[in-house]
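The lines below spell out each chain.
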Amino acid sequence: MNFLRGVMGGQSAGPQHTEAETIQKLCDRVASSTLLDDRRNAVRALKSLSKKYRLEVGIQAMEHLIHVLQTDRSDSEIIGYALDTLYNIISNDEEEEVEENSTRQNEDLGSQFTEIFIKQQENVTLLLSLLEEFDFHVRWPGVKLLTSLLKQLGPQVQQIILVSPMGVSRLMDLLADSREVIRNDGVLLLQALTRSNGAIQKIVAFENAFERLLDIITEEGNSDGGIVVEDCLILLQNLLKNNNSNQNFFKEGSYIQRMKPWFEVGDENSGWSAQKVTNLHLMLQLVRVLVSPTNPPGATSSCQKAMFQCGLLQQLCTILMATGVPADILTETINTVSEVIRGCQVNQDYFASVNAPSNPPRPAIVVLLMSMVNERQPFVLRCAVLYCFQCFLYKNQKGQGEIVSTLLPSTIDAMGNSVSAGQLLCGGLFSTDSLSNWCAAVALAHALQENATQKEQLLRVQLATNIGNPPVSLLQQCTNILSQGSKIQTRVGLLMLLCTWLSNCPIAVTHFLHNSANVPFLTGQIAENLGEEEQLVQGLCALLLGISIYFNDNSLESYMKEKLKQLIEKRIGKENFIEKLGFISKHELYSRASQKPQPNFPSPEYMIFDHEFTKLVKELEGVITKAIYKSSEEDKKEEEVKKTLEQHDSIVTHYKNMIREQDLQLEELKQQVSTLKCQNEQLQTAVTQQVSQIQQHKDQYNLLKVQLGKENQHQGSHSDGAQMNGIQPEEIGRLREEIEELKSKQELLQSQLAEKDSLIENLKSSQTSAGRSEQSSATASAGDSEKVAELKEELATLKSQLNSQSVEITKLQTEKQELLQKTEAFAKSVPVQGEGETPAATNSTDVEGRLSALLQETKELKNEIKALSEERTAIKEQLDSSNSTIAILQNEKDKLELEITDSKKEQDDLLVLLADQDQKILSLKNKLKDLGHPVEEEDELESGDQEDEDDETEDSGKDQDQGYL
């Protein structure tokens, strides 16, 4: 603290001796008193002296005050006094009454005390912990003290807070405080905390800052709110400006939709207070932060689409066309709408459909252009309208075509008396106001930017001059005004328009050179030694003449490339021409215009260069310099190289298309292979199921054979003579039909193989022709530029790819031959099997046909399908034998069942007859007994035995029935 004592000693107006002693005694009491009341009273006294005797209190009491913060946290009153005293020592807010010559000294004093305080990082951490106290007398002075520290030494304090655990989170809690004064001062604290620190900005954003700030803005009344809304908007700008991560988080969180109510300003013409104007100005700037041209294109595009979808762009256009809006708000709204629609086709189309609330309705573009060419309008407003028109045409070929079409004769006749955008631009182009000339020329140049079609269309525009004179083309009228020697701003604007018009448009160059007065005028302007003011015009004339040489198609014999170069060498000199051309990029306003797309100039005389034109100059300056120094032979060689490159491009394109088609074919084949694999698996499961069914039939057959025994063997010879090998005649006919279907499928298969043959031959022929064209192009391109060599390398790689594919095609052809042989062998085997096949055999044959189709489509399954075919043959034989056996067994089973049924009926009939006979015998015996005829006992025994035999026969019949069952 020696340097502080030096500052104190150097002050002429120091405190009296008694005050210094008082401060010393108070400090001793704070340090040594054991009673809390004594220490509290001493700190309160130091607080009252800290504003007037800031230096002395700071030097003597700062250490004691920090100690109080550490030890007396239980007493909120003494903590509040200590924080207020430290705030008075560090802050420079109370220095308004100090004389100007001592203001800097006091500001240095605040930064010096801040440096002492934060030298121990624990002091800042202690202050952050005190902010967790809910007591108003602790929290509020703590917020003010930390804010003052950030204002004095922001980066150092930010770094301490950033590394402090939960440091930023504690400060975010201030926004949720129910006491408005703490909440509002918390917003100011976060403003200072987030300034120029991307890491803290991200933390604050992910701590739900956007939600809380937007809630505060809504609670305060949006744009009608007070200074709290202004502070929240400034904090939002700190969080979003130049921070792509936070911008994306803001968009993804659907916070853009919550901005729409900000711009619902109503239709009243009054009520625009100064605070409302400030708030709305900040709100518009916040929208521009999200869609700034300096942001990544993807982020800007997504924000633009979100603003259109939620209706924010529509709301801004409503303000744009409203009445009674202050001039600065209207200007900023135009700039905001400009960047919302810039490069976004949907937004540009909507803006083109907006009409002003006039009678009759006029397009908003026309109304704005009327303001731009009106010299009575404010300069900043005219600049904003020009920026809006440029953004409307940026990457918008549809809009460019609509603007140029308003100048064409057919469109002018259809519009009648209504004023169009093109007519306003032509009116501004030829008015007496130089600023209108410049703005109209730049606006018309943007309608031609990177659009060769509209450059050619604009050549059709004819302008009516004096009565009785023939119409003059727009191109000729621009050159006429140039030759009349108008103001520099007018000539610069027209030259920029002509350079943009003629670049990359040989037809426009031909029209320009067709007027014999243009080239002598340009060479005369370049050759003269004029003052510094005219040097820029000379440079632009050199650029225009260079464009006429570089984009010349040599259609005019008197102004061919070589003749123009000779003219420059004779009248100007190549070195002098290049020096004049360099005047453009060396101009002091050139670099300023190249920085940002928005035309932002302090006054009209600074309005010289357009941002897009600086890009054109940077692009053409080098190529024009090379074109001037090139000889005619080099030009011829360059044209030959261009033709060769075009040929190579066509060859490469042909190969690329061929490879693309082959890739598609390979993809289709792969898909077919995958489907066939699935089908193969399904068929294998079906075969497995059939094998299991065959085994079940065998088991049933064995069971029946055991049950029937030997007595059923003789019935095998009673089978029907119409059967053949267990198969009915109807089944034989059906099998013949299926064999015919197999033959037709075989013919279809052979036709498919023929198609594959033709496809392979076509691929071979295309490969051969490609190889020949590659050889011819290689011989033609010998000695070309480096680009040709690169193309040769690319052709070599393409050739290797074709060779590899030709190898694959050869393999496919060999496989096709093998498959054809197998198909023929299969076709021969089909009629031999003939009528002896069963339905199961037919199914097996179908499976084998599908497997052969699988072999035709892919080489990868070749080995697998061979193995499957062998297995399928074995399974087929098993199916043939087993199915025929099953059919025979089934027929035998049916016949046995029928015979068993017949035998049971016969036995039943016999039993009935025997019973009847027994009854008759008994009745006869009874009659004999009645007649007195003697009946022997043997007869009765025989009858009884006969009855017993009948009973046994009946029982054995029942047992036999049960066995059959």
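Before any of the text, the structure's been laid out above.
What you see is a predicted model, and the numbers here were worked out from it, not measured in a lab. (Residues numbered from 1 in each chain as written. Predicted model: local features only at pLDDT ≥ 70, side-chain atom pairs only at ≥ 80, totals over all residues. Heavy atoms only, no water.)

Colleague: So what's going on with the overall build of the chain? Which residues, and what values?
Modeller: Within the chain, the secondary structure is distributed over 42 helices and 4 strands. Expressed as a percentage of contacts within the chain between residues at least 6 apart in sequence, the contacts between residues at least 24 apart total 73%. Total accessible area on the chain is roughly 50,200 Å²; 50% of this is exposed by carbon and sulfur atoms. (Helix = DSSP H or I, 4+ residues; strand = E, 2+ residues; numbered from the N terminus. Contact = heavy atoms within 4.5 Å. Areas by Shrake-Rupley, 256 points an atom, 1.4 Å probe, with all protein chains shown as cover.)

Colleague: Which residues make up the pattern of salt bridges, and what values go with them?
Modeller: In total, this model carries 21 salt bridges according to the counting rule given. Across the pair Arg39 and Asp72 runs a salt bridge whose closest N-O atoms are separated by 3.1 Å. Of the two residues, Arg39 sits in helix α3 (residues 36-50) while Asp72 sits in the loop between α4 (54-71) and α5 (76-90), which places them 33 residues apart along the sequence. With respect to class, Arg39 is no different from Asp72; both count as buried. Through salt bridges with shared partners, one network takes in Asp37, Arg40, Asp75 and Glu77. (Salt bridge = Lys/Arg side-chain N within 4 Å of Asp/Glu carboxyl O. Buried < 20%, exposed > 50% of the residue type's maximum accessible area, 1.4 Å probe, protein only.)

Colleague: Pulling in residues and values, what's your account of the layout of surface pockets?
Modeller: When its volume is computed, the largest pocket comes out at roughly 850 Å³. The wall of the largest pocket is formed by 31 residues, among which Arg288, Glu339, Lys596, Gln598 and Asn600 lie closest to the centre. Elements represented by at least two residues in the lining of the largest pocket include exactly α16 (274-290), α19 (327-341), α22 (379-393) and α35 (588-593). Looking at the lining of the largest pocket residue by residue, the classes come out as 11 nonpolar, 13 polar and 7 charged. (1 Å grid on protein atoms, 1.4 Å probe; cavity = no way out; pocket = protein on both sides within 12 Å on 5 of 7 lines; lining within 4 Å. Points joined across faces, edges and corners; volume = space filled by probe spheres on them. Nonpolar A, V, L, I, M, F, W, Y, C, P; charged D, E, K, R; others polar.)

Colleague: So, the environment of Glu897: which residues are in play, and what are the values?
Modeller: Looking at where Glu897 falls in the secondary structure, it is placed in helix α41 (residues 862-931). On a C-alpha basis, the gap between Glu897 and Leu708 in space is 9.9 Å, while along the polypeptide they are 189 residues apart.

Colleague: Please give an account of unusual backbone geometry that cites residues and values.
Modeller: Look at Asn504: it is not a glycine, yet its phi comes out positive at around 60°. Among the structural elements, Asn504 can be located in the loop between α29 (488-502) and α30 (506-514). Given a relative accessible area of 46%, Asn504 falls into the partly exposed group. The backbone phi angle of Asn554 is positive, close to 60°, even though this residue is not glycine. Relative to the elements of secondary structure, Asn554 occurs in the loop between α32 (532-550) and α33 (561-571).

Colleague: Could you give me a rundown of the packing of helix α11 (residues 180-194) against helix α14 (residues 227-240), with the residues and numbers involved?
Modeller: The interhelical angle for the contact between α11 and α14, taken along N-to-C directions, is 25°, at an axis separation of 9 Å. Judged by the inter-axis angle, α11 sits roughly parallel to α14. Our pair here, α11 against α14, has a crossing hand that is left-handed. Contact with α11, carried on its side by Arg183, Asn184, Val187, Leu188, Leu190, Gln191 and Thr194, involves Val228, Asp231, Cys232, Ile234, Leu235, Asn238 and Leu239 of α14 and no other residues of that element. In terms of residue class, the contact of α11 with α14 is built from 8 nonpolar, 4 polar and 2 charged. (Axes fitted to C-alpha atoms, helices over the stretch in contact; angles between N-to-C directions. Parallel < 35°, antiparallel > 145°, perpendicular 65-115°, else oblique. Left-handed = near helix turned anticlockwise from the far one by under 90°.)

Colleague: Can you break down the side chain of Ser223 residue by residue, with the values?
Modeller: Relative to the elements of secondary structure, Ser223 occurs in the loop between α13 (209-219) and α14. Classification of Ser223 by relative accessible area gives buried; the value is 4%. Here Ser223 is in contact with Trp262, Lys276, Asn279, Leu280 and Met283, once residues within four sequence places are set aside.

Colleague: An account of the environment of Cys232 is needed here, citing residue identities and associated values.
Modeller: Looking at the element boundaries, Cys232 is found in helix α14. Aside from chain neighbours lying at most four places away, what touches Cys232 is Val187, Leu213, Ile216 and Ile217.

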